[in-house]
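# Descriptive structure summary
Listed below are the residues making up each chain.
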Amino acid sequence: MTVIEYIKDKVLRANREYLEHSPERFDFWEQHIRLVVREALALADEYGADREIVELGALLHDMALLSRVGTRQDHHINGAAIADRLLTEYGYPDDRKKRVLGCVLHHRSSQNAENIEELCVGDADILSHFHNIPMCFNSAFRSSRISTGSVDEWISYFEQEWNDLSERTKVKFRQRYENIMDVLFGALKEDWQSRA
Ligand SMILES: [Fe+2]
Ligand SMILES: [Fe+2]
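A brief report on the enclosed structure follows. Since the structure is predicted, the reported quantities are computational estimates derived from the model, not experimental observations. (Residues numbered from 1 in each chain as written. Chains lettered and ligands numbered in written order. Predicted model: local features only at pLDDT ≥ 70, side-chain atom pairs only at ≥ 80, totals over all residues. Heavy atoms only, no water.)

Each helix and strand counted, the protein has 10 helices and 0 strands in total. Along the chain direction, N to C, the helices and strands of the protein fall in the order α-α-α-α-α-α-α-α-α-α. The globule rule puts the C-alpha radius of gyration for 196 residues at 16 Å, and the 18 Å found for the protein is close to it. With respect to the three principal axes, the spread of C-alpha positions in the protein is 60 × 40 × 25 Å. Sequence separation of at least 24 residues holds for 65% of the intrachain contacts in the protein that already meet a minimum separation of 6. Charged side chains of the protein number 25 positive and 34 negative; the gap between the two group centres comes to 3 Å. (Helix = DSSP H or I, 4+ residues; strand = E, 2+ residues; numbered from the N terminus. Rg over C-alpha atoms; globule rule 2.2 N^0.38 Å. Contact = heavy atoms within 4.5 Å. Lys, Arg positive; Asp, Glu negative; His and termini not counted. Charge placed at Lys NZ, Arg CZ, Asp CG, Glu CD.)

With that settled, the discussion passes to the coordination of the iron ion (ligand 1). At the metal site, the iron ion (ligand 1) is ligated by Asp62 (OD), His75 (NE2) and His107 (NE2), and these contacts range over 2.1 to 2.2 Å. Spacing between the donor residues of the iron ion (ligand 1) along their common chain follows D-x12-H-x31-H. Between the iron ion (ligand 1) and the iron ion (ligand 2), both coordinated by Asp62, there is a metal-metal distance of 3.6 Å. Taken as a pair, His75 in helix α5 (residues 75–90) and His107 in the loop between α6 (94–105) and α7 (116–130) lie far apart in primary sequence, 32 residues in all. Of the residues examined, His107 reaches a relative accessible area of 2% and is grouped as buried. (Donors = N, O, S within 2.8 Å, 3.2 Å for Na, K, Ca; no water. Buried < 20%, exposed > 50% of the residue type's maximum accessible area, 1.4 Å probe, protein only.)

Distances from the iron ion (ligand 2) to its protein donors, His32 (NE2), His61 (NE2), Asp62 (OD) and Asp125 (OD), fall within 2.1 to 2.3 Å. Taken together, the 4 donor atoms coordinating the iron ion (ligand 2) span angles of 85 to 176° at the metal, a pattern that classifies the geometry as irregular. (Tetrahedral: all angles 85-135°; square planar, octahedral: opposite > 155°, others 65-115°.)

Within the structure shown, the criterion is met by 12 salt bridges. Residues Asp94 and Lys97 are paired through a salt bridge, measuring 3.4 Å at the closest nitrogen-oxygen approach. Remark: Lys97 and Asp94 occur in helix α6; sequence separation between them is 3 residues, near one turn of the helix. Here Lys170 makes a salt bridge to Glu167, at a shortest N to O gap of 3.3 Å. Residue Lys170 and its partner Glu167 are located together in helix α10 (residues 167–195), separated by 3 residues, close to a single helical turn. (Salt bridge = Lys/Arg side-chain N within 4 Å of Asp/Glu carboxyl O.)

Moving on: the side chain of Glu117. Along the chain, the position of Glu117 falls in helix α7. A polar contact of 2.8 Å, which involves the side chain of Glu117, links it to the backbone nitrogen of Asp50. Aside from chain neighbours lying at most four places away, what touches Glu117 is Ala49, Asp50, Ile53, Val54, Arg99 and Cys103. (Polar contact = N/O pair within 3.5 Å; in protein donor to acceptor, adjacent residues only side chain to side chain.)

A full pass over the atoms with the stated rule returns 10 aromatic pairs. Members of the aromatic cluster, each reached through a chain of ring pairs, are Phe130, Tyr157, Phe158, Trp162, Phe173, Tyr177 and Phe185. Here the guanidinium or amino end of Arg68 rests over the ring plane of Tyr18, the centre of that ring lying 4.2 Å away. Sitting above the plane of the Tyr47 ring, Arg168 keeps its charged end 3.8 Å from the centroid. (Phe/Tyr/Trp six-rings, centres within 6.5 Å; stacked < 30°, edge-to-face > 60°. Lys NZ or Arg CZ within 6 Å of the ring centre and 35° of its normal.)

Of note, Leu41 is situated in helix α2 (residues 28–47). With near-sequence residues (within four places) excluded, Leu41 lies in contact with Arg51, Val54 and Glu55.

For helix α9 (residues 151–164), which comprises 14 residues, the first-to-last C-alpha distance of 20 Å matches the rise-based estimate of 20 Å (1.5 Å per residue) to within 8%. Every buried residue of α9 is accounted for by Val151, Trp154, Ile155, Phe158, Glu161, Trp162 and Asp164. (Expected span 1.5 Å × (residues − 1).)

A word on α5. For α5, built from 16 residues, the straight-helix expectation of 22 Å at 1.5 Å per residue is met to within 8% by its first-to-last C-alpha distance of 22 Å. Contact partners of the buried residues in α5: α1 (3–20), α3 (51–60), α4 (63–66) and α6.

And the structure:
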């Protein structure tokens, strides 16, 4: 079994468990992790990053959330500890393991990325949100209690995500980002501004 197969199996098992205990039946793998893996590998190819490190980082980046360990606030730290245990169990070489752990630890903003593999995982995490807008709305309404009428809160939610992207991915993604913001908020913004 390759290390990717081994880790993917662990992630899918954790996902099944998560799904069973999720009151809203949120399929974390389907809605998020698999999209991050796909985006991260595309960036790895484009930026010349190590594909295996990037794929492992993407598979494991939210492992603490998926395993319901700790809080969202510290899920990058707990996730790195879980990743450490799993990769050690597999017998993955220490130098490469360290690079995967870096991807998990620094995934919450690409501004924290220390190398190209970390940047690919951090950026892919953000891009996956823009590719699954319904999930963003769902989690914002349910968990963050953003109200439907609160346009400024919504705009800052997406702007924050945009700001966390690396400069090189911003260049690549800018047009799509502007289109998304225009579709989501263009009319609302005009309405909002005309009332001000
Ligand atoms: Fe995360
Ligand atoms: Fe994530």
